Amino acid sequence: MDNGWDFVVCYKSYAKRMKGDVGCMEPSKKPKKKNYKKLLWILIPASVLAVAASIVIPMLVNRPQPEEVPYAQFCTLVEEKQVEKVIYTIGAPKMQFQKPGSDTLYKTDNPKAEGFKEKMLLKGVEFEEITPSAFWSNVLSVVLTYLPFALLILLVFRMVPGRGFHVEAAERPETTFDDVAGLDEIKEDMKVIAETLKDPSMCEKLGAHITKGVLLEGDPGNGKTLFARALAGETGVNFYSANASEFIEMYAGLGASRVRKLFKEAKANAPSVVFIDELDAIGSKRDGSTDGAGREYTQCLNALLSAIDGFEASDGVLVIGATNRSQDLDPALVRPGRFDKQFVLPPPDCEAREKILNLHAKGKKFAPDVDFAELAKDTVGFSGAGLEALLNEAAMQALVHKAQEITRKHIEDASIQMELKGHIKKNIGKRNKQEHRMICYHEAGHTVATALLTDHLLRRVTVLPTTSGAGGVTMSTPQPDRNLETLQEIRAEVMVLYAGRASEYRLAGEREHAVSTGASSDIRQATELLQRLAVFSHGNGLLDYSGFGTAGQRKVMAQCETLSKELWDQTVSFLREHWEKVAAIAERLLQKDTLEEAEIRAIIENAAQPELADGED
Ligand code: ADP
Ligand code: ZN
């Protein structure tokens, strides 16, 4: 039961939203290694071809060369009637002949004498005359024999990534800033940049400096690509887009040459926007490694730097880079004159979420019970892309249920499906009684802790297993749009996560070895939160140890261990204190599988006071 049954689902938790602050134990990102699988795909057909060619070509080339015979001997042979046929090419230095009853070819000098043909015919020798046109047709047949091989070899060469590549043709996106919801302040700035791209003289008049590069930073799905396309669409300029990780996957300096080509093309077709996604793949801090990957990566970065330096701001090229880890970017890239304007695209706030939902609702039919303002509140932490996906998934749900319109229930199901990466199972089959009881207590632990320790909206708890392997789920949503949380709140979240396991622990009479492995994902999430706590706690002197290498990590780890122990103990005593509530929820779950918020709150409120000595087992 290793994949466990361990979810505490907050539609998206703060842990996800604020992960930018952590970083203390994130492994430093190295450029991606080259994709050697791809290379295999090329090497295998190439070697098969080479073997085939090595067999076939010699057969063609080493056709036995005719034996040369002196012309005088040839004349004697003719006299002796030992020549059956002469094969003669006009103007060629040699001619060929065959003896009677044999296919073997001999060659001798071409006498190039007049009347030679007639003389031969009189002697009863067959005379085959090859005209130059026939000669050329021979040449053609040889060429045709080899051509397929040549083409195949060429093809294989083109298959090598980056070989023979061409820069994709420019696009003219139809996206405009109206397609981007929210982010109004950034839009204003981008509009000005778009204007100066079209008309650089505007800036020059004012003596202002023209922006050459814009860096968009934000988590995936926050609209970086959308923004770049909108800028190009709004201005009506050419749009070139590339993904930096592709450059790194190329071989032997090809990535660098691709970078140069891309910029050359963009400059030739100015005004244009060059969009480079995942910039951190080439732009992260040079780690000085000199292995193949390291060299390739440095070459790409240098090519990019000189490409950016190589055009004037007035050339009408704007580079837009996208990254979700700007802290990793090489300082050379973000120097003035390169990516000198930087914008962070945050996850959309409540208002922006409503706008995004409305934007993506176009063309879909919703039931009157769907309220986007409400839905915006319930989707804390969703990215723009996440919201778009939610509505699409809801439409799918409606389709599956053959409904005419998308209802609130479809959206709810879609969000559960997305969060769980699966569905809550309909056919649960036979359940192991003891295990099922443990699951009910585990989820009841999460539920009571969520209800009493946080201000999250408790949505539902279920012990129906999911297709993704979870045995039960407690769903809650953080209060909409809080941007900061207190250390106390993070501690409470850790306790909520620990409460599942702590409840099993208590159910088993507080025997450590009786708990299941069903809390693996709870523990993983709690560990992330503890790392953040460690950075912010007074215990380490308010120092962010993430920049202190291994020694720093050790320090943070020690801090995490202390915090973890402290919070586990607190969770266990919390459950001791509220055990009757946990038991009430668990027993209800045993009968009913799923409880909604109102029912959960009612059970908690009405739960009997602890009986004497309960908990002192
Ligand atoms: P990123 O490049 O940051 O990973 P994208 O720009 O590719 O994100 O966003 C993916 C999709 O999400 C977009 O095509 C768009 O449909 C939707 N989206 C993201 N942010 C917004 C937004 N602010 N307004 C409207 N749609 C958005
Ligand atoms: Zn759990």
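From a predicted model like this one, the values you see are computed outputs, not experimental measurements.

## Re the sheet that holds strand 7 (residues 213-217)
Backbone hydrogen bonds are what pair the strands of a sheet, in a parallel or an antiparallel way.
Piece 1. Judged by pairing direction, the sheet is parallel, and its five strands sit side by side in the order 8-9-10-7-11 without closing on themselves. At either end of the open sheet lies a strand with only one pairing partner, and these are strand 8 (238-243) and strand 11 (341-344). On average, each strand axis in the sheet is inclined to that of its neighbour by 20°, with strand direction left out of account.
Piece 2. Pairing of strand 7 with strand 11 involves four bridges; the strand directions are parallel. Across the sheet, the residue bridging to L216 is F343, located in strand 11.
Piece 3. The strands touched by helix 6 (residues 184-198) within the sheet are strand 7, strand 9 (272-277), strand 10 (317-323) and strand 11, with strand 11 carrying the most contacts at an inclination of about 150°.

## Focus: the pattern of salt bridges
Piece 1. Counted by the stated rule, this structure contains 24 salt bridges.
Piece 2. We note a salt bridge from E596 to R460, for which the minimum N-O separation is 3.5 Å. Note that E596 is positioned in strand 14 (residues 594-596) and R460 in strand 12 (residues 457-462), a separation of 136 residues in sequence.
Piece 3. Judged by its relative accessible area of 37%, E596 is partly exposed.
Piece 4. Each member of the salt-bridge network shares a partner with another, and the members are D378, E412, R459, R460 and E596.

## Structural notes on the side chain of H410
Piece 1. The topology assignment puts H410 in helix 16 (residues 408-420).
Piece 2. A polar contact of 3.0 Å, which involves the side chain of H410, links it to the backbone nitrogen of T407.
Piece 3. For H410, the contacting residues outside a window of four places in its chain are A394, Q397, A398, H401, A403 and E405.

Each value, and the rule that gives it
- Position numbers for residues count from 1 along each chain, tracking the sequence in the order it is written.
- For naming, the first written chain is A and the first written ligand is 1, with later ones following in the order written.
- Predicted model: local features are reported for residues with pLDDT of at least 70 only, side-chain atom pairs are reported and counted for 80 or more only, and whole-chain, interface and lining totals are derived from all residues.
- Each side-chain value is derived from all of the structure's non-hydrogen atoms; neither hydrogens nor water enter the calculation.
- Strand pairing is assigned whenever DSSP detects at least two bridges linking the two strands.
- Only DSSP runs of H or I reaching four residues or more are called helices, and only runs of E reaching two or more are called strands; each is numbered from the N terminus.
- Axes, fitted as lines to C-alpha atoms, cover a helix only where it is in contact. Angles between the N-to-C directions of the axes lie from 0 to 180 degrees.
- Only heavy atoms enter the contact rule, under which two residues are in contact if any of them lie within 4.5 Å.
- Basic side-chain nitrogens of Lys or Arg form a salt bridge, by our definition, when they fall within 4 Å of a carboxyl oxygen of Asp or Glu.
- A simple rule labels every residue: compare its accessible area, found with a 1.4 Å probe on the protein chains alone, to the largest value its type can have, and call it buried under 20%, exposed over 50%, or partly exposed in between.
- Under this definition, polar contacts are N or O atom pairs within 3.5 Å; protein pairs additionally need one hydrogen-donor-capable and one acceptor-capable atom, and for neighbouring residues in sequence, both atoms have to be side-chain atoms.

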